[in-house]
Amino acid sequence: MLNTVIIGASGYTGAELAKMVNRHPQLSLSRLYVSKNSVDAGKPLSSLYGELSGIVDLELEGLDPQDIPQLFPNVDVVLLATAHEVSHDIAAALLDCACIVFDLSGAFRVPNTDFYQQFYGFEHRYPELLEEAVYGLAEHNAAQVAQTRLIAVPGCYTTAALTALKPLANANLISDSHKSVINATSGVSGAGRKASMGSSFCEVSLQPYGVFNHRHQPEIVHHLGQDVIFTPHLGSYKRGILATMNVVLKAGTTPEQVQQAYVSAYQDQPIVRLLDGAWPKLQSVVNTPFLDLAWQQQGQDLIVVSAEDNLLKGAASQAMQCINIRFGFDMMESLL
Ligand SMILES: NC(=O)C1=CN([C@@H]2O[C@H](COP(=O)(O)OP(=O)(O)OC[C@H]3O[C@@H](n4cnc5c(N)ncnc54)[C@H](OP(=O)(O)O)[C@@H]3O)[C@@H](O)[C@H]2O)C=CC1
Ligand SMILES: CC(=O)N[C@@H](CCC(=O)OP(=O)(O)O)C(=O)O
């Protein structure tokens, strides 16, 4: 059994992780942490999430980062469900304790320190860890995930976009002279559990945000290898992302080539479901680890649509896919 700890366990993705770790036959959930002075320290996780009552009643503990060298030497797996800056600050100390670290934040996703200054607003002090980290896009980077000690789990919008666009880019089917256009809508849980005006019940209304400057645009570009335009939208519902993408294909690309690109990428990947004759919808993926994908071509124009649960394939269940890959467990273990 692998001794497993979740830091940031009281948040939305942390609670999803707790559920999955708890039902995993090879993982033993030993501790749940929040910040040192958290108002939730001392409470059982199940007092915050009633559905976990009798299932995960472990108490949330406040973590002082200075105690990491004493607390973590016997821990095998650490899941960081924390804000970017928090993950940035504590990952190195956890790696020094020989933990395998799965970080759900953006702190190690793009190997470029300038990117962090520009899009995250902090100076990245661990350029060597940025180089070392493996991007945990499970269906595409399994071989590298299996070898590493630091996995940067992709962002939720990024997973929706890259899963749809990477097979086309890998098959060299996207026109060089057009940017692919990604329009995606996320439920409010994408903003996390902490209260804010922008995510309060009476304020949320379907609306774009982060136009031309959302940090997932450069994350997508880096891992796709092609420029894109990305516009996120906040929807007035709890969870799920629907992304609609317009792609201009190279002249002469046939529907068979597009089909072949998707089938060869995902035919052995149970989490990505290629729909035949229906468009993805949130209802089919919310509260599941699946990402649904469908497309339609008209000449050089391709519309491709993906849908996922932002807290699951967009975060926690993709982290669990990475754990399964990293330790050689069945790839579906504990996902359903
Ligand atoms: N929500 C989503 O759809 C997605 C989120 N992500 C990323 O995953 C990470 C977690 O997101 P989410 O679950 O939504 O966030 P939440 O805001 O819901 O939860 C954050 C958690 O971190 C804890 N925390 C805050 N500061 C510290 C600290 N210094 N030390 C330890 N714990 C701390 C919080 O508890 P407390 O404040 O009480 O200490 C809480 O448990 C973020 O980096 C986010 O960007 C990635 C993909 C999708
Ligand atoms: C609705 C909403 O606010 N969504 C978040 C995305 C959360 C996420 O997946 O991304 P990171 O891990 O990169 O923070 C946002 O736009 O910032």
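Cut-offs and rules
- All residue numbers here refer to positions counted from 1 along the written sequence of the relevant chain.
- Throughout, the order in which chains and ligands are written sets their labels, letters from A for the former and numbers from 1 for the latter.
- In keeping with the model being predicted, local features are shown solely for residues with a pLDDT of at least 70 and side-chain atom pairs are shown and tallied solely at 80 or more, while totals for entire chains, interfaces and linings include all residues.
- The side-chain numbers reported here are obtained from all heavy atoms of the structure, hydrogens and water having been left aside.
- Secondary structure elements follow DSSP: runs of H or I no shorter than four residues count as helices, runs of E no shorter than two count as strands, and numbering proceeds from the N terminus.
- When a residue's accessible area, from a 1.4 Å probe over protein chains only, is under 20% of the maximum for its type it is buried; when over 50% it is exposed; and in between it is partly exposed.
- Two residues form a contact once any of their heavy atoms are found within 4.5 Å.
- Computed with a 1.4 Å probe, the accessible areas rest on the Shrake-Rupley method; for each residue, only the protein chains presented here act as cover.
- Positive: Lys, Arg. Negative: Asp, Glu. His and the chain ends are not part of the count.
- A charged residue contributes its charge at one atom only: NZ of Lys, CZ of Arg, CG of Asp or CD of Glu.
- Domain start and end points were adopted from an automatic or database domain assignment.
- By convention, the term buried area covers the 1.4 Å-probe accessible surface removed from two parts as they join, with the contributions of both added.
- Near residues are defined by distance, with any heavy atom within 4 Å of the molecule or strand qualifying the residue.
- In protein, a polar contact requires one atom able to donate a hydrogen and another able to accept it; more generally it is a pair of N or O atoms within 3.5 Å, and residues adjacent in sequence count only if both atoms are side-chain atoms.
- Side-chain classes are defined by residue name, with Ala, Val, Leu, Ile, Met, Phe, Trp, Tyr, Cys and Pro counting as nonpolar, Asp, Glu, Lys and Arg as charged, and the others, Gly among them, as polar.
- Remark: nonpolar core denotes a set of buried residues (Ala, Val, Leu, Ile, Met, Phe, Trp, Tyr, Cys) joined through side-chain atoms within 4.5 Å.
- As a rule, the C-alpha atoms of each element are fitted with a line to give its axis, helices using only the stretch in contact, and angles between N-to-C directions run from 0 to 180 degrees.
- Handedness of a crossing follows from how the near helix is turned relative to the far one, being left-handed for an anticlockwise turn of less than a right angle and right-handed for a clockwise one.

Colleague: Would you mind showing me how to read the overall build of the protein here?
Modeller: Counting its secondary structure elements, the protein contains 12 helices and 14 strands. The C-alpha extent of the protein, read off along each of the three principal axes, is 60 × 45 × 40 Å. By the burial criterion, 54% of the 336 residues in the protein qualify as buried. Long-range pairs, those at least 24 residues apart, make up 69% of the contacts in the protein between residues at least 6 apart in sequence. Counting only carbon and sulfur atoms, one obtains 49% of the accessible surface of the protein, whose full area is about 14,500 Å². Here the protein contributes 20 positive and 32 negative side-chain charges, whose respective centroids are spaced 4 Å apart.

Colleague: Would you explain the domain arrangement of the protein in this entry?
Modeller: When the parts of a complex come together, some accessible area is lost, and that lost area is often taken as the interface size. Entries for the protein in the domain assignment read domain 1 (2-154 + 314-327) and domain 2 (156-310). Taken over C-alpha atoms, the centre of domain 1 sits 25 Å from the centre of domain 2. Between domain 1 and domain 2, the contact holds 24 residues from the first and 28 residues from the second. Carbon and sulfur atoms make up 57% of the area that domain 1 and domain 2 hide from each other, which totals about 2,000 Å².

Colleague: Explanation requested: the site of ligand 1 in the structure shown.
Modeller: The environment of ligand 1 is made up of 28 residues, and the closest members are Ser10, Thr13, Ser35, Ser38 and Thr82. The contact in question runs from an oxygen atom of ligand 1 to an N or O atom on the side chain of serine 10, over 2.6 Å. In the model, an oxygen atom of ligand 1 is placed 2.6 Å from a nitrogen or oxygen of the threonine 82 main chain. Isolated, ligand 1 exposes 890 Å² of accessible area, and the fraction of that covered by the protein chains is 82%. Elements represented by at least two residues in the shell around ligand 1 include exactly helix H1 (12-23), strand S2 (27-35), helix H4 (84-96) and helix H12 (312-327). Counted by class, the shell around ligand 1 contains 11 nonpolar, 14 polar and three charged residues. Among the domains, domain 1 (2-154 + 314-327) and domain 2 (156-310) are the pair contributing at least three residues each to the shell around ligand 1.

Colleague: For this particular structure, what's the right way to read the side chain of threonine 163?
Modeller: Position of threonine 163 relative to the elements: it lies in helix H8 (residues 156-170). Residue classification places threonine 163 among the buried residues on the basis of a relative accessible area of 1%. Sequence-distant contacts of threonine 163, that is, excluding residues within four places in its chain, are made with Leu137, Thr158, Tyr262, Tyr266, Val272, Leu291 and Leu293.

Colleague: Sorry, what's going on with the environment of aspartate 57 here?
Modeller: Structurally, aspartate 57 is set in the loop between helix H2 (45-48) and strand S3 (60-63). Under the relative-accessibility criterion, aspartate 57 is labelled partly exposed at 43%. Separated by 239 residues in sequence, aspartate 57 and glutamine 296 have C-alpha atoms that sit 47 Å apart. Here aspartate 57 is in contact with Pro44, Ser46 and Leu52, once residues within four sequence places are set aside.

Colleague: Would you mind showing me how to read the site of ligand 2 here?
Modeller: In the vicinity of ligand 2 lie 15 residues, with Cys156, Tyr209, His214, Arg215 and His216 positioned nearest. At 3.5 Å, a side-chain N or O of histidine 84 approaches an oxygen atom of ligand 2.

Colleague: Mind showing me how you'd approach the nonpolar core here?
Modeller: Among soluble globular proteins, nonpolar side chains are generally buried collectively. Formed by 41 residues in total, the largest nonpolar core has its most connected members in Ile6, Leu17, Leu32, Leu45, Leu79, Phe102 and Ile323. Those elements that place two or more of their residues in this core are strand S1 (2-7), H1, S2, H2, strand S4 (77-80), strand S5 (100-103) and H12. For this core, the element with the highest residue contribution is H12, accounting for seven residues. Membership of the second largest hydrophobic core comes to 34 residues, among which are Ala160, Ile174, Ala243 and Met245.

Colleague: Can you help me understand the packing of H1 against H12 in this one?
Modeller: Remark: H1 packs on H12, axes separated minimally by 9 Å, with the N-to-C direction vectors making an angle of 35 degrees. Note that H1 runs across H12; the crossing there is right-handed. In this structure, H1 contributes Thr13, Glu16, Leu17, Met20 and Val21 to the contact, and H12 contributes Leu312, Ala315, Ala316, Ser317, Ala319 and Met320. Along the lines of polarity and charge, the residues of the contact of H1 with H12 split into eight nonpolar, two polar and one charged.

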